[in-house]
Amino acid sequence: MKQYIVDAFTNKVFAGNQAAVCILDEWPNDKLMQSIAKENNFSETSFVVKEGNTYHLRWFTPGGEIDFCGHATLGTSYVILNYYEKDQQEVSFKTQVGKVTVKRKDDLYEMDFPAYTLNKVEVTDRMEEALGIRPIEAYIDRDLMLVLPDAASVRNLKPNLNKIKELEGLIVAVTAHADQEDFDCISRVFAPKLGIPEDPVTGSTHCMITPYWCHRLRKQELICFQASERSGILSTKLCGERVKVAGQAVLFSKGIILED
(Lines give C-alpha, C1' and ligand atoms only; values in the text may rest on other atoms or scores of the structure.)
Protein backbone atom coordinates (compact mmCIF):
# COMPACT_ATOMS: atom_id res chain seq x y z
CA MET A 1 0.00 0.00 0.00
CA LYS A 2 1.45 3.36 -1.02
CA GLN A 3 1.27 6.05 1.65
CA TYR A 4 2.13 9.72 1.30
CA ILE A 5 2.35 12.22 4.15
CA VAL A 6 1.41 15.76 3.18
CA ASP A 7 1.43 18.96 5.22
CA ALA A 8 -1.72 20.85 4.20
CA PHE A 9 -2.55 24.56 4.31
CA THR A 10 1.12 25.49 4.29
CA ASN A 11 4.01 25.84 1.85
CA LYS A 12 6.67 24.44 4.20
CA VAL A 13 7.13 21.13 5.97
CA PHE A 14 6.57 20.85 9.73
CA ALA A 15 3.71 23.36 9.54
CA GLY A 16 0.05 23.19 8.55
CA ASN A 17 -1.85 19.96 9.20
CA GLN A 18 -0.44 16.50 8.55
CA ALA A 19 -2.48 14.08 6.48
CA ALA A 20 -1.57 10.53 5.54
CA VAL A 21 -2.85 9.56 2.10
CA CYS A 22 -3.19 5.86 1.25
CA ILE A 23 -3.64 5.03 -2.44
CA LEU A 24 -5.47 1.73 -2.95
CA ASP A 25 -6.49 -0.55 -5.81
CA GLU A 26 -9.40 -1.90 -3.76
CA TRP A 27 -10.87 -1.36 -0.33
CA PRO A 28 -9.36 -3.18 2.66
CA ASN A 29 -11.64 -3.89 5.61
CA ASP A 30 -12.61 -1.04 7.92
CA LYS A 31 -10.73 -2.54 10.86
CA LEU A 32 -7.44 -2.37 8.95
CA MET A 33 -8.03 1.22 7.86
CA GLN A 34 -8.83 2.19 11.45
CA SER A 35 -5.66 0.46 12.67
CA ILE A 36 -3.56 2.36 10.12
CA ALA A 37 -5.14 5.65 11.20
CA LYS A 38 -4.35 4.88 14.84
CA GLU A 39 -0.79 3.90 13.95
CA ASN A 40 -0.25 7.15 12.04
CA ASN A 41 -1.86 9.09 14.90
CA PHE A 42 -2.49 12.14 12.70
CA SER A 43 -5.80 13.94 12.90
CA GLU A 44 -6.65 12.29 9.57
CA THR A 45 -5.62 9.42 7.34
CA SER A 46 -7.38 9.34 3.98
CA PHE A 47 -7.99 6.24 1.88
CA VAL A 48 -8.80 6.55 -1.81
CA VAL A 49 -9.75 4.13 -4.60
CA LYS A 50 -10.20 5.15 -8.23
CA GLU A 51 -13.66 4.29 -9.59
CA GLY A 52 -14.00 5.16 -13.28
CA ASN A 53 -13.23 8.86 -13.76
CA THR A 54 -13.63 9.74 -10.11
CA TYR A 55 -12.09 8.72 -6.80
CA HIS A 56 -13.88 7.33 -3.77
CA LEU A 57 -12.47 9.05 -0.67
CA ARG A 58 -12.85 8.11 3.00
CA TRP A 59 -11.29 9.69 6.07
CA PHE A 60 -10.30 8.09 9.40
CA THR A 61 -9.22 9.77 12.63
CA PRO A 62 -7.47 7.88 15.44
CA GLY A 63 -10.92 7.68 17.05
CA GLY A 64 -12.96 6.48 14.06
CA GLU A 65 -14.19 7.26 10.57
CA ILE A 66 -15.41 10.81 9.95
CA ASP A 67 -17.88 12.05 7.34
CA PHE A 68 -15.93 15.10 6.16
CA CYS A 69 -12.37 16.40 6.35
CA GLY A 70 -10.88 19.39 4.52
CA HIS A 71 -7.14 19.18 5.08
CA ALA A 72 -6.95 15.48 4.16
CA THR A 73 -8.94 16.24 0.99
CA LEU A 74 -6.33 18.88 0.17
CA GLY A 75 -3.54 16.38 0.88
CA THR A 76 -5.19 13.71 -1.26
CA SER A 77 -5.70 16.15 -4.14
CA TYR A 78 -2.06 17.18 -3.94
CA VAL A 79 -0.95 13.54 -4.23
CA ILE A 80 -3.30 12.62 -7.08
CA LEU A 81 -2.63 15.73 -9.19
CA ASN A 82 1.14 15.54 -8.71
CA TYR A 83 1.74 11.78 -8.89
CA TYR A 84 -1.23 10.09 -10.58
CA GLU A 85 -3.04 12.61 -12.81
CA LYS A 86 -0.17 14.95 -13.66
CA ASP A 87 -1.82 16.31 -16.80
CA GLN A 88 -5.06 17.18 -15.00
CA GLN A 89 -5.95 20.38 -13.18
CA GLU A 90 -9.03 19.00 -11.44
CA VAL A 91 -10.04 15.89 -9.50
CA SER A 92 -13.46 14.77 -8.26
CA PHE A 93 -14.20 12.69 -5.18
CA LYS A 94 -17.17 10.61 -4.10
CA THR A 95 -17.58 11.21 -0.35
CA GLN A 96 -20.11 10.93 2.44
CA VAL A 97 -21.05 14.59 1.91
CA GLY A 98 -21.55 14.13 -1.83
CA LYS A 99 -19.35 15.00 -4.78
CA VAL A 100 -16.33 17.14 -3.93
CA THR A 101 -14.32 18.77 -6.73
CA VAL A 102 -10.82 20.15 -6.28
CA LYS A 103 -9.13 22.45 -8.80
CA ARG A 104 -5.43 23.23 -8.99
CA LYS A 105 -4.85 26.97 -9.43
CA ASP A 106 -1.13 27.72 -9.59
CA ASP A 107 0.15 26.64 -6.15
CA LEU A 108 -3.32 26.55 -4.55
CA TYR A 109 -5.80 23.68 -4.41
CA GLU A 110 -9.38 24.97 -4.31
CA MET A 111 -11.95 22.62 -2.79
CA ASP A 112 -15.71 22.99 -3.30
CA PHE A 113 -17.56 21.98 -0.13
CA PRO A 114 -21.11 22.21 1.23
CA ALA A 115 -21.57 25.09 3.68
CA TYR A 116 -22.61 24.33 7.23
CA THR A 117 -25.77 25.88 8.68
CA LEU A 118 -25.40 28.52 11.38
CA ASN A 119 -27.92 27.37 13.99
CA LYS A 120 -27.60 29.88 16.82
CA VAL A 121 -27.77 28.44 20.34
CA GLU A 122 -27.62 29.88 23.83
CA VAL A 123 -24.22 30.56 25.36
CA THR A 124 -24.04 28.42 28.50
CA ASP A 125 -22.02 28.22 31.72
CA ARG A 126 -20.73 24.82 30.53
CA MET A 127 -19.17 26.50 27.52
CA GLU A 128 -17.50 29.08 29.74
CA GLU A 129 -16.22 26.38 32.11
CA ALA A 130 -14.77 24.40 29.19
CA LEU A 131 -12.97 27.39 27.68
CA GLY A 132 -12.10 29.45 30.72
CA ILE A 133 -13.71 32.46 29.01
CA ARG A 134 -17.33 33.21 28.15
CA PRO A 135 -18.13 33.15 24.41
CA ILE A 136 -20.17 36.01 23.02
CA GLU A 137 -22.05 33.80 20.54
CA ALA A 138 -22.52 30.08 19.85
CA TYR A 139 -23.62 28.14 16.75
CA ILE A 140 -24.16 24.42 16.10
CA ASP A 141 -24.20 22.14 13.05
CA ARG A 142 -22.05 19.00 12.98
CA ASP A 143 -19.55 21.09 14.95
CA LEU A 144 -19.93 23.70 17.69
CA MET A 145 -18.56 27.15 16.86
CA LEU A 146 -17.95 29.59 19.71
CA VAL A 147 -17.23 33.24 18.98
CA LEU A 148 -14.77 34.88 21.40
CA PRO A 149 -14.36 38.59 22.19
CA ASP A 150 -11.00 39.08 20.45
CA ALA A 151 -8.06 37.40 18.70
CA ALA A 152 -5.90 37.38 21.83
CA SER A 153 -8.53 35.26 23.59
CA VAL A 154 -8.26 32.69 20.80
CA ARG A 155 -4.46 32.60 20.86
CA ASN A 156 -4.17 32.40 24.65
CA LEU A 157 -6.98 29.87 25.17
CA LYS A 158 -6.17 26.92 27.44
CA PRO A 159 -9.36 24.86 27.37
CA ASN A 160 -10.29 21.99 29.65
CA LEU A 161 -10.41 19.15 27.11
CA ASN A 162 -12.46 16.88 29.37
CA LYS A 163 -15.13 19.57 29.57
CA ILE A 164 -14.79 20.32 25.83
CA LYS A 165 -15.64 16.66 25.30
CA GLU A 166 -18.94 17.14 27.15
CA LEU A 167 -20.14 19.97 24.87
CA GLU A 168 -22.43 19.52 21.89
CA GLY A 169 -20.90 19.03 18.46
CA LEU A 170 -18.35 16.59 17.10
CA ILE A 171 -15.66 19.27 17.01
CA VAL A 172 -15.42 22.54 18.96
CA ALA A 173 -14.07 25.60 17.13
CA VAL A 174 -13.35 29.02 18.61
CA THR A 175 -13.05 32.09 16.41
CA ALA A 176 -12.69 35.86 16.55
CA HIS A 177 -12.06 38.79 14.24
CA ALA A 178 -8.35 38.88 13.32
CA ASP A 179 -6.05 41.52 14.77
CA GLN A 180 -3.55 41.34 11.88
CA GLU A 181 -4.24 43.18 8.64
CA ASP A 182 -3.32 40.13 6.50
CA PHE A 183 -6.22 38.08 7.91
CA ASP A 184 -9.96 38.43 8.33
CA CYS A 185 -10.51 35.93 11.14
CA ILE A 186 -8.61 33.67 13.51
CA SER A 187 -9.57 30.28 14.91
CA ARG A 188 -8.52 27.20 16.83
CA VAL A 189 -10.17 23.78 16.75
CA PHE A 190 -10.43 21.03 19.38
CA ALA A 191 -11.61 17.46 18.76
CA PRO A 192 -11.05 15.32 21.87
CA LYS A 193 -14.08 13.15 20.94
CA LEU A 194 -12.01 11.96 17.96
CA GLY A 195 -8.81 11.48 19.93
CA ILE A 196 -7.43 14.83 18.68
CA PRO A 197 -6.72 17.36 21.46
CA GLU A 198 -6.16 20.25 19.02
CA ASP A 199 -6.40 20.01 15.24
CA PRO A 200 -3.67 22.12 13.60
CA VAL A 201 -5.62 23.40 10.57
CA THR A 202 -9.22 22.41 9.82
CA GLY A 203 -10.77 22.81 6.38
CA SER A 204 -14.17 21.38 7.26
CA THR A 205 -14.81 23.74 10.17
CA HIS A 206 -14.18 26.70 7.88
CA CYS A 207 -17.37 25.67 6.10
CA MET A 208 -18.98 27.07 9.26
CA ILE A 209 -16.51 29.84 10.08
CA THR A 210 -16.68 31.27 6.53
CA PRO A 211 -20.45 31.95 6.36
CA TYR A 212 -20.34 33.59 9.78
CA TRP A 213 -17.51 36.00 9.02
CA CYS A 214 -18.63 36.69 5.45
CA HIS A 215 -21.98 37.86 6.81
CA ARG A 216 -20.43 39.80 9.70
CA LEU A 217 -17.75 41.49 7.58
CA ARG A 218 -19.97 41.81 4.48
CA LYS A 219 -17.37 40.09 2.34
CA GLN A 220 -17.53 37.10 -0.01
CA GLU A 221 -13.88 36.07 0.33
CA LEU A 222 -11.73 35.67 3.42
CA ILE A 223 -8.16 34.95 4.42
CA CYS A 224 -8.36 32.83 7.57
CA PHE A 225 -5.60 32.08 10.06
CA GLN A 226 -5.69 29.02 12.33
CA ALA A 227 -3.54 29.76 15.36
CA SER A 228 -2.41 26.29 16.41
CA GLU A 229 1.25 25.60 17.24
CA ARG A 230 1.83 24.46 13.62
CA SER A 231 -0.56 27.13 12.22
CA GLY A 232 -2.00 27.43 8.74
CA ILE A 233 -3.67 29.78 6.26
CA LEU A 234 -6.92 29.14 4.38
CA SER A 235 -8.40 31.22 1.56
CA THR A 236 -12.18 30.83 1.57
CA LYS A 237 -15.11 32.05 -0.51
CA LEU A 238 -18.84 31.86 0.19
CA CYS A 239 -20.83 30.76 -2.87
CA GLY A 240 -24.46 30.44 -1.79
CA GLU A 241 -24.80 27.06 -0.08
CA ARG A 242 -21.22 26.10 -0.95
CA VAL A 243 -17.87 27.19 0.45
CA LYS A 244 -14.66 27.15 -1.54
CA VAL A 245 -11.64 26.46 0.66
CA ALA A 246 -8.18 26.81 -0.89
CA GLY A 247 -4.68 26.25 0.42
CA GLN A 248 -1.19 25.15 -0.40
CA ALA A 249 0.35 21.78 0.40
CA VAL A 250 3.81 20.23 0.55
CA LEU A 251 5.01 16.61 0.55
CA PHE A 252 6.80 15.37 3.65
CA SER A 253 7.32 11.71 2.74
CA LYS A 254 6.19 8.79 0.61
CA GLY A 255 6.62 5.07 1.18
CA ILE A 256 5.14 1.61 1.31
CA ILE A 257 3.23 0.23 4.30
CA LEU A 258 2.07 -3.33 4.91
CA GLU A 259 4.36 -4.75 2.23
CA ASP A 260 4.35 -8.57 2.16
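Predicted model only: the values in this text are computed from it and were never measured.

Draft legend 1. Expanded view of the overall build of the chain. Scanning the chain from N- to C-terminus turns up six helices and 18 strands. Against the 2.2 N^0.38 benchmark of 18 Å for 260 residues, the chain shows a C-alpha radius of gyration of 18 Å, consistent with a compact globule. Overall size of the chain, expressed as C-alpha extent along the three principal axes, is 55 × 35 × 30 Å. Across the 260 residues of the chain, 56% fall into the buried class. Of all intrachain contacts in the chain linking residues separated by at least 6 positions in sequence, the fraction that spans at least 24 positions is 60%. Per element, the accessible surface of the chain, about 11,900 Å² overall, is 45% carbon and sulfur. Here the chain holds 30 positive side-chain charges and 37 negative ones, and the gap between their average locations is 1 Å.

Draft legend 2. Up close: empty space enclosed by the protein. One pass over the full model with this rule turns up one cavity of 30 Å³ or more. Glu44, Ile66, Ile171, Asp199 and Thr202 are the residues nearest the centre of the largest cavity, which is lined by 15 residues in total. Elements that contribute at least two residues to the lining of the largest cavity include exactly helix H2 (70–84) and strand S14 (196–199). Tallied by class, the residues present in the lining of the largest cavity amount to seven nonpolar, six polar and two charged.

Draft legend 3. Looking closely at H2. For H2, spanning 15 residues, the distance from its first C-alpha to its last is 20 Å, which sits close to the expected 21 Å at 1.5 Å a residue. Taken across its 15 residues, H2 has twelve buried, putting it largely inside the fold. All buried positions along H2 are accounted for by Gly70, His71, Ala72, Thr73, Leu74, Gly75, Thr76, Ser77, Tyr78, Val79, Ile80 and Leu81.

Draft legend 4. Geometry of the pattern of salt bridges. Tallying each qualifying case throughout the model produces 15 salt bridges. Note that Asp7 and Arg230 form a salt bridge whose closest N and O atoms lie 3.2 Å from each other. With a gap of 223 residues between them, Asp7 in strand S1 (residues 2–8) and Arg230 in the loop between strand S15 (221–226) and strand S16 (232–239) connect regions that are remote in the sequence.

Draft legend 5. Geometry of the layout of surface pockets. Approximately 190 Å³ is the volume attributed to the largest pocket. If you trace the largest pocket, you find 16 residues lining it, with Phe9, Thr10, Asn11, Ile233 and Gln248 closest to the centre. Looking at the lining of the largest pocket element by element, the count peaks at four residues for S16. A class-by-class count of the residues in the lining of the largest pocket yields seven nonpolar, seven polar and two charged. Its boundaries defined by the atoms lining it, the second largest pocket holds a volume of some 150 Å³.

Draft legend 6. Examining the packing of aromatic side chains more closely. For the structure on display, the rule yields twelve aromatic pairs. Considering the side-chain rings of Tyr55 and Phe93, the 6.4 Å spacing of their centres and the 55° angle between planes classify their relative orientation as tilted. Taken together, the positions of Tyr55 in strand S4 (residues 54–61) and Phe93 in strand S6 (residues 90–95) put the pair 38 residues apart, joining distant regions of the chain. Using a relative accessible area of 0% as the deciding quantity, one classes Phe93 as buried. Ring plane angle 25° and centroid distance 5.0 Å describe the contact between Phe183 and Phe225, whose orientation is recorded as stacked. Residue Phe183 is found in the loop between strand S12 (172–177) and strand S13 (185–191), and its partner Phe225 is found in strand S15; the two are separated by 42 residues along the sequence. The burial state of Phe183 is the same as that of Phe225; both residues are buried. Of the aromatic side chains, those joined through ring pairs into one cluster are Trp59, Phe68, Phe113 and Tyr116. For the cation-ring pair, Arg58 lies above Trp27, with the distance from its terminal atom to the ring centre recorded as 5.4 Å.

Draft legend 7. Examining the pairing of S12 more closely. Counting buried positions along S12 yields five of six residues, so the element is predominantly enclosed. Bridge analysis of strand S11 (residues 144–147) against S12 gives four bridges, and the strand direction is parallel. The residue bridging Val147 from the neighbouring strand is Thr175, located in S12. Two elements, S12 and S13, share six bridges in a ladder whose sense is antiparallel. Within the sheet, the bridge partner assigned to Val174 lies in S13 and is Arg188.

Draft legend 8. Geometry of the nonpolar core. Judged by nonpolar contacts, the single largest core of 52 residues is most densely connected at Phe9, Phe93 and Val245. In this structure, Leu148, Leu157, Leu167 and Ile186 belong to the second largest nonpolar core, which totals 23 residues.

Draft legend 9. Quick look at unusual backbone geometry. Even without being glycine, Asn41 reaches a positive phi, approximately 60°. In this structure, Asn41 sits in the loop between helix H1 (30–40) and strand S3 (44–51). Relative accessible area serves as the criterion here: at 54%, Asn41 is assigned to the exposed category. Of note, Arg218 is a non-glycine position whose phi angle comes to about 55°, a positive value. Looking at the secondary structure, you find Arg218 in the loop between helix H6 (206–217) and S15.

Rules used in this analysis
Residues numbered from 1 in each chain as written. Predicted model: local features only at pLDDT ≥ 70, side-chain atom pairs only at ≥ 80, totals over all residues. Heavy atoms only, no water. Helix = DSSP H or I, 4+ residues; strand = E, 2+ residues; numbered from the N terminus. Rg over C-alpha atoms; globule rule 2.2 N^0.38 Å. Buried < 20%, exposed > 50% of the residue type's maximum accessible area, 1.4 Å probe, protein only. Contact = heavy atoms within 4.5 Å. Areas by Shrake-Rupley, 256 points an atom, 1.4 Å probe, with all protein chains shown as cover. Lys, Arg positive; Asp, Glu negative; His and termini not counted. Charge placed at Lys NZ, Arg CZ, Asp CG, Glu CD. 1 Å grid on protein atoms, 1.4 Å probe; cavity = no way out; pocket = protein on both sides within 12 Å on 5 of 7 lines; lining within 4 Å. Points joined across faces, edges and corners; volume = space filled by probe spheres on them. Nonpolar A, V, L, I, M, F, W, Y, C, P; charged D, E, K, R; others polar. Expected span 1.5 Å × (residues − 1). Salt bridge = Lys/Arg side-chain N within 4 Å of Asp/Glu carboxyl O. Phe/Tyr/Trp six-rings, centres within 6.5 Å; stacked < 30°, edge-to-face > 60°. Lys NZ or Arg CZ within 6 Å of the ring centre and 35° of its normal. Pairing = 2+ DSSP bridges. Core = buried A, V, L, I, M, F, W, Y, C linked by side-chain atoms within 4.5 Å.

Don't take any of this as a statement about function, it's just geometry.
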